[in-house]
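Architecture and fold: a report
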Amino acid sequence: QTGFIITGTLFLLCGCLNERLSSTWLVVMYFGSSFFGQCGPNCTTFLIPCEVFPTNMRAMCHGISASAGKLGALIASILFNFVGERELFLFSGYASFAASLITFLTIPETTTLDLYEIDKQWHKVLNNERYEGPATDPRHLSFYERNQNRFCCSR
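Everything in this summary refers to the structure shown in the same document. All values derive from a computational prediction rather than experimental measurement. (Residues numbered from 1 in each chain as written. Predicted model: local features only at pLDDT ≥ 70, side-chain atom pairs only at ≥ 80, totals over all residues. Heavy atoms only, no water.)

Right, let's talk about helix α5 (residues 85-106) for a bit. With 22 residues, α5 ought to run about 32 Å at 1.5 Å a step, and its terminal C-alpha atoms sit 31 Å apart, in line with that. If you check which residues of α5 are buried, you get Phe89, Leu90, Ser92, Gly93, Ser96, Ser100 and Thr103. Seen from one end, α5 has its buried residues packed into an arc of 160 degrees, which puts them on one side. Facing away from the buried side of α5, by more than 90 degrees, are the exposed residues Phe91, Tyr94 and Ile102. Residues of α5 that are buried sit in contact with α1 (2-16) and α2 (23-39). (Helix = DSSP H or I, 4+ residues; strand = E, 2+ residues; numbered from the N terminus. Expected span 1.5 Å × (residues − 1). Buried < 20%, exposed > 50% of the residue type's maximum accessible area, 1.4 Å probe, protein only. Arc of directions from axis to C-beta. Contact = heavy atoms within 4.5 Å.)

Among the nonpolar cores identified, the biggest contains six residues, and these are Leu10, Phe11, Cys14, Leu26, Met29 and Phe89. Per-element accounting of this core gives the leading share, three residues, to α1. Every residue in contact with cysteine 14, bar those within four places of it in the chain, is listed here: Leu26, Met29, Tyr30 and Phe89. (Core = buried A, V, L, I, M, F, W, Y, C linked by side-chain atoms within 4.5 Å.)

Mapped onto the elements of the fold, threonine 103 is located in helix α5. Classification of threonine 103 as buried rests on a relative accessible area of 18%. Within polar-contact distance, the side chain of threonine 103 engages the backbone oxygen of alanine 99 at 2.8 Å. Ignoring sequence-local partners within four residues, the contact set of threonine 103 consists of Gln1 and Phe4. (Polar contact = N/O pair within 3.5 Å; in protein donor to acceptor, adjacent residues only side chain to side chain.)

Attention now goes to the packing of aromatic side chains. The full count for this structure, using the stated rule, is six aromatic pairs. When the ring of tyrosine 30 is compared with that of phenylalanine 89, the centres are 6.5 Å apart and the planes differ by 70 degrees; the resulting orientation is edge-to-face. On the criterion of sequence distance, the pair formed by tyrosine 30 in helix α2 and phenylalanine 89 in helix α5 is long-range, its members being 59 residues apart. With relative accessibility at 40%, the residue tyrosine 30 sits in the partly exposed group. Residue classification places phenylalanine 89 among the buried positions, given a relative accessible area of 10%. Between phenylalanine 80 and phenylalanine 91, the aromatic rings sit 6.0 Å apart at their centres with planes inclined by 80 degrees, giving edge-to-face as the arrangement. Residue phenylalanine 80 is found in the loop between α4 (58-79) and α5, and its partner phenylalanine 91 is found in helix α5; the two are separated by 11 residues along the sequence. Under the relative-accessibility criterion, phenylalanine 80 is labelled partly exposed at 28%. (Phe/Tyr/Trp six-rings, centres within 6.5 Å; stacked < 30°, edge-to-face > 60°.)

Keep in mind these numbers describe shape, not what the thing actually does.
So this is what it looks like as structure tokens:
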């Protein structure tokens, strides 16, 4: 999330100060946004799929995730041809902040969770069985999962 926020801030600064910055400062800020983008958000594209999908489906799900990312990049690169430099920076900054929010809300914290436990959970879910174990501990759930009852209407 921090990488998204830093990248988004640098993109917004590039967009807002585009006319006032020298080309040197614009390039430095752009390289900074690229650096933080590679160290944060880019790493999540291959780390998160390795952690959240069950072992027997991990390669396929990782491939689907990667394909979706490539499709998004293709669409963005086509659409970016129709906007100016300032708008491009501003849109990228806003998209970074939106991605930070989505990441905060939906990505579970699996750092200290054994991947075999995630496999057990998926196996039970796929067999319509109830899972009770470390994978459902609030420490390992996304913000949305921890607060699902607040967001969803009960019937």
